[in-house]
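# Descriptive analysis of the structure
Here is how the chains run, residue by residue.
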Amino acid sequence: MYYDEWATPLGRVLAVATDKGLAQFGLQDSKRPLDKASDWQRAPAKLAEVKRQFAEYCTGKRQKFDLRLDMHGTEFQRQVWRALQRVPYGKTASYLDIANAIKNPNAVRAVGAANGKNPVWVIVPCHRVIGKDGSLIGYGGGLPLKKRLLALEQGGS
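Residues numbered from 1 in each chain as written. Predicted model: local features only at pLDDT ≥ 70, side-chain atom pairs only at ≥ 80, totals over all residues. Heavy atoms only, no water.

### Notes on the overall build of the protein chain
- Helix and strand content of the protein chain: 5 helices and 6 strands.
- For the protein chain, whose C-alpha radius of gyration is 15 Å, the value lies close to the compact-globule estimate of 15 Å for 157 residues.
- Projected onto its principal axes, the C-alpha positions of the protein chain cover 40 × 35 × 25 Å.
- In the protein chain, which comprises 157 residues, the share counted as buried stands at 48%.
- Long-range contacts, defined here as pairs at least 24 residues apart, represent 55% of the contacts in the protein chain between residues at least 6 apart.
- Summed over its atoms, the accessible surface of the protein chain is roughly 8,200 Å², and 50% of this surface lies on carbon and sulfur atoms.
- For the protein chain, the separation between the mean place of its 25 positive charges and that of its 14 negative charges on side chains is 5 Å. (Helix = DSSP H or I, 4+ residues; strand = E, 2+ residues; numbered from the N terminus. Rg over C-alpha atoms; globule rule 2.2 N^0.38 Å. Buried < 20%, exposed > 50% of the residue type's maximum accessible area, 1.4 Å probe, protein only. Contact = heavy atoms within 4.5 Å. Areas by Shrake-Rupley, 256 points an atom, 1.4 Å probe, with all protein chains shown as cover. Lys, Arg positive; Asp, Glu negative; His and termini not counted. Charge placed at Lys NZ, Arg CZ, Asp CG, Glu CD.)

### Considering helix H4 (residues 108–116)
- If you check which residues of H4 are buried, you get Val-111, Ala-114 and Asn-115. One face of H4 carries all of its buried residues, which in axial projection span an arc of 105°.
- The secondary structure elements touched by the buried residues of H4 are helix H2 (75–84), helix H3 (95–101) and strand S6 (129–130). (Arc of directions from axis to C-beta.)

### Let's talk about the packing of aromatic side chains
- Taken as a whole and judged by the stated rule, the model has 7 aromatic pairs.
- A cation sits over an aromatic face here: Lys-46 above Tyr-2, 4.5 Å from the ring centre. (Phe/Tyr/Trp six-rings, centres within 6.5 Å; stacked < 30°, edge-to-face > 60°. Lys NZ or Arg CZ within 6 Å of the ring centre and 35° of its normal.)

### Description of the sheet that holds strand S4 (residues 41–42)
- Judged by pairing direction, the sheet is mixed, and its 4 strands sit side by side in the order S3-S2-S1-S4 without closing on themselves. The open sheet has two edge strands, strand S3 (22–27) and S4, and neither has a second partner.
- The sheet contact formed by strand S2 (residues 11–17) and S3 spans 5 bridges and is antiparallel. Its bridge partner lying in S3, Val-13 is registered against Leu-27. (Pairing = 2+ DSSP bridges.)

### Description of the environment of Asp-29
- Mapped onto the elements of the fold, Asp-29 is located in the loop between S3 and S4.
- Taking the C-alpha atoms as reference, Asp-29 lies 11 Å from Pro-9; in sequence the two are 20 residues apart.
- Sequence-distant contacts of Asp-29, that is, excluding residues within four places in its chain, are made with Gly-11 and Arg-12.
- In terms of polar contacts, Asp-29 uses its side chain to reach the backbone amide nitrogen of Arg-12, at 2.9 Å. (Polar contact = N/O pair within 3.5 Å; in protein donor to acceptor, adjacent residues only side chain to side chain.)

### A few points about the nonpolar core
- Ranked by internal contacts, the top residues of the largest apolar core, which has 40 residues, are Leu-22, Phe-25, Phe-54, Tyr-57, Ile-98 and Val-122.
- Put simply, the parts of the chain that give this core at least two residues each are S2, S3, helix H1 (48–58), H2, H3, H4 and helix H5 (143–153).
- Apart from residues no more than four positions distant in its own chain, Phe-25 is found in contact with Trp-6, Val-13, Leu-14, Ala-15, Leu-34, Val-50, Phe-54, Pro-119, Val-120, Trp-121 and Ile-123. (Core = buried A, V, L, I, M, F, W, Y, C linked by side-chain atoms within 4.5 Å.)

### Brief notes about the side chain of Asn-115
- Structurally, Asn-115 can be placed in helix H4.
- Among the residues examined, Asn-115 registers a relative accessible area of 5% and is labelled buried.
- Excluding anything up to four places from it in sequence, Asn-115 contacts Val-80, Leu-84, Tyr-95, Cys-126, Val-129 and Gly-138.

### Points about the packing of H2 against H4
- One way to put it is that H2 packs onto H4 with a least axis distance of 9 Å and a crossing angle of 80°. With respect to H4, the element H2 is oriented roughly perpendicular. The segment H2 lies against H4, with Phe-76, Gln-77, Val-80, Trp-81 and Leu-84 engaging Ala-110, Val-111, Ala-114 and Asn-115.
- Of the residues assigned to the contact of H2 with H4, the class counts are 7 nonpolar, 2 polar and no charged. (Axes fitted to C-alpha atoms, helices over the stretch in contact; angles between N-to-C directions. Parallel < 35°, antiparallel > 145°, perpendicular 65-115°, else oblique. Nonpolar A, V, L, I, M, F, W, Y, C, P; charged D, E, K, R; others polar.)

Here's what the structure looks like:
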């Protein structure tokens, strides 16, 4: 596993990749920072494209990430993560919307659990998922970070 850490306008980032693609991505100043394993190799060059695209996202110049991903999870989790990637920049979807998108409308709670297991926050936009009443709920990085990400995407600061 390869990793790099750097400062961004949203806080410190830790990105982890395999030879196949980005495996983990997290904001370290959030409620749930990623743990760094002792056997990972620091390799900024291998994560330069992630760093470049995230910098563009932070300035509002990038609305969709174009990165190879190597996310590990169950088939259900991967279905949810693919559905999250279809939620447009600056928009939100409810957990029910995601459940309907994967053709499993009774799986709202399971969608929430899969959303919480997303290993590449922001890149796969789990912050765009809200309660069916429009409330901001359930973000592993904490609600202040979720509000900040949504504000960034909706033209705020």
